[in-house]
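# Structural overview for review
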Amino acid sequence: MTKHVVVIGGGVTGAAIAYDLAQRGARVTLLERGSIGSGTSGRTHGLLHSGCRYVADVDVARECYLENVTLRKIAPFLFEKNGGLFVAIDESDLKYKDFFLKKCEEAGIPVKELDRNEALRLEPNLNPGLKAAVLVPDGTFDPLKVMLSFLASAKLHGADIRPFSEVVGFRIESGAIKAVRVLDKTSEREYELEADYVVNATGAWANKVARLAGLSVPVKPSPGVMVALNARIGHRVFNRLNKPGDGDIIIHQRGTSVIGTTSWVVEDPD
Ligand SMILES: Cc1cc2nc3c(=O)[nH]c(=O)nc-3n(C[C@H](O)[C@H](O)[C@H](O)COP(=O)(O)OP(=O)(O)OC[C@H]3O[C@@H](n4cnc5c(N)ncnc54)[C@H](O)[C@@H]3O)c2cc1C
């Protein structure tokens, strides 16, 4: 564990990898081209998914739920353990309910069906015309707090965190990366950083960075739009009880409620 690992990307993936490696004793340098979380992670909805949104793929749903449980265990202070509701408004939602409940059971996600009155008692601001609801183990989080906590712990274990440091190339010898070329954006100076291992944790930019090493990683970057209200209209996460679609979730976190998200595919994440 004396190896030097360069982690590229200061989003939630890079932050968690840096934390994990530093805790195991590796020498870690994390490079982020902007500020921490300036990519996708600082702009997420902030929903700690229960896995229920992904029940069409039981393996993905199960994995998501297990990650949810792990995160709550290792960092209980980072999440609002408020739970969530999947709410049926129309007949199509009601038809989806049986499939949804069966798949949640297969994935091992603990859920509880509620009738209209129970749901409204828990969340008086729900649509009074709702037909049914299912209580699920969702949660909400402040993305910056999550990343900064992982990075603070990584730093405590010796990791070197370098924001405003963009990877602009690699030195490759005998088919292996020997060093990373870094542009320090605060001084406009370029320098080389030798590395035993390099982790590409650049999310939507993973292909752009891989191309610098002559590799290809298929990525379909998909942005989205959310609407944040300057008021909190509920306690639990509100999800539409149907196949995932646009604008079908409202999360409540601290003093806000956020409606989201849309999603479409773009060529270039920038
Ligand atoms: C609108 C929207 C809402 C979402 N809501 C949720 C949600 O509620 N819950 C949830 O779990 N997930 C949500 N997601 C998904 C989640 O945000 C992503 O899966 C997650 O943020 C990806 O993290 P990451 O660290 O892999 O990528 P990123 O956070 O994008 O991090 C990659 C980093 O790499 C950096 N980088 C790129 N190129 C270079 C380079 N050359 N040198 C150095 N650094 C570089 C970027 O600046 C960036 O900060 C949402 C996604 C979107 C788009």
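All values derive from a computational prediction rather than experimental measurement.

### Points about the nonpolar core
Counting residues in hydrophobic clusters, the biggest one holds 24 residues, and the most contacted among them are Val7, Val28, Leu30, Phe79 and Leu151. Sorting the residues of this core by element identifies strand E1 (4–8), helix H1 (12–23), strand E2 (27–31) and helix H5 (143–156) as the ones contributing at least two each. When residues no more than four places from it in sequence are discounted, the contact partners of Val28 are Val5, Val7, Ala18, Leu21, Ala22, Gly158, Ala159 and Asp160. Counting 17 residues, the second largest nonpolar core, distinct from the first, contains Val58, Phe86, Phe100 and Cys104.

### Some points on the site of the ligand
Within the structure, the ligand sits among 29 residues, and Thr13, Glu32, Thr40, Ser41 and Thr44 are positioned closest to it. The contact in question runs from a nitrogen atom of the ligand to an N or O atom on the backbone of Leu47, over 2.9 Å. For the ligand, whose unbound accessible area comes to 1000 Å², protein coverage reaches 81%. Of all elements in the fold, only H1 and strand E10 (165–173) reach the threshold of two or more residues within the shell around the ligand.

### Side note on the packing of aromatic side chains
Under the criterion given, the structure shown has five aromatic pairs. On the numbers, 6.0 Å between centres and 75° between planes, the contact of Phe79 with Phe141 is edge-to-face. Residue Phe79 is located in strand E4 (residues 79–80), and its partner Phe141 is located in strand E8 (residues 139–141); the two are separated by 62 residues in the primary sequence. Across this residue pair, the class does not change: Phe79 and Phe141 are buried. By the ring-pair criterion, three or more aromatic residues cluster together here, those being Phe86, Tyr96, Phe99 and Phe100.

### Points about the pairing of strand E12 (residues 189–194)
Alignment of strand E11 (residues 176–184) against E12, held across six bridges, turns out to be antiparallel. In the strand pairing of E12, Leu183 is matched with Glu190. Counted between consecutive antiparallel strands, the loop separating E11 from E12 contains four residues, among which Glu188 sits at a positive phi close to 60°.

### Looking at the sheet that holds E8
Taking strand neighbours across the sheet as the criterion, the three strands line up as E3-E8-E4 in an open arrangement whose pairing is antiparallel. In this open sheet, the two edge strands, each paired with only one partner strand, are strand E3 (47–48) and E4.

Reading the values: rules and limits
Residues numbered from 1 in each chain as written. Predicted model: local features only at pLDDT ≥ 70, side-chain atom pairs only at ≥ 80, totals over all residues. Heavy atoms only, no water. Core = buried A, V, L, I, M, F, W, Y, C linked by side-chain atoms within 4.5 Å. Buried < 20%, exposed > 50% of the residue type's maximum accessible area, 1.4 Å probe, protein only. Helix = DSSP H or I, 4+ residues; strand = E, 2+ residues; numbered from the N terminus. Contact = heavy atoms within 4.5 Å. Near = heavy atom within 4 Å. Polar contact = N/O pair within 3.5 Å; in protein donor to acceptor, adjacent residues only side chain to side chain. Areas by Shrake-Rupley, 256 points an atom, 1.4 Å probe, with all protein chains shown as cover. Phe/Tyr/Trp six-rings, centres within 6.5 Å; stacked < 30°, edge-to-face > 60°. Pairing = 2+ DSSP bridges.

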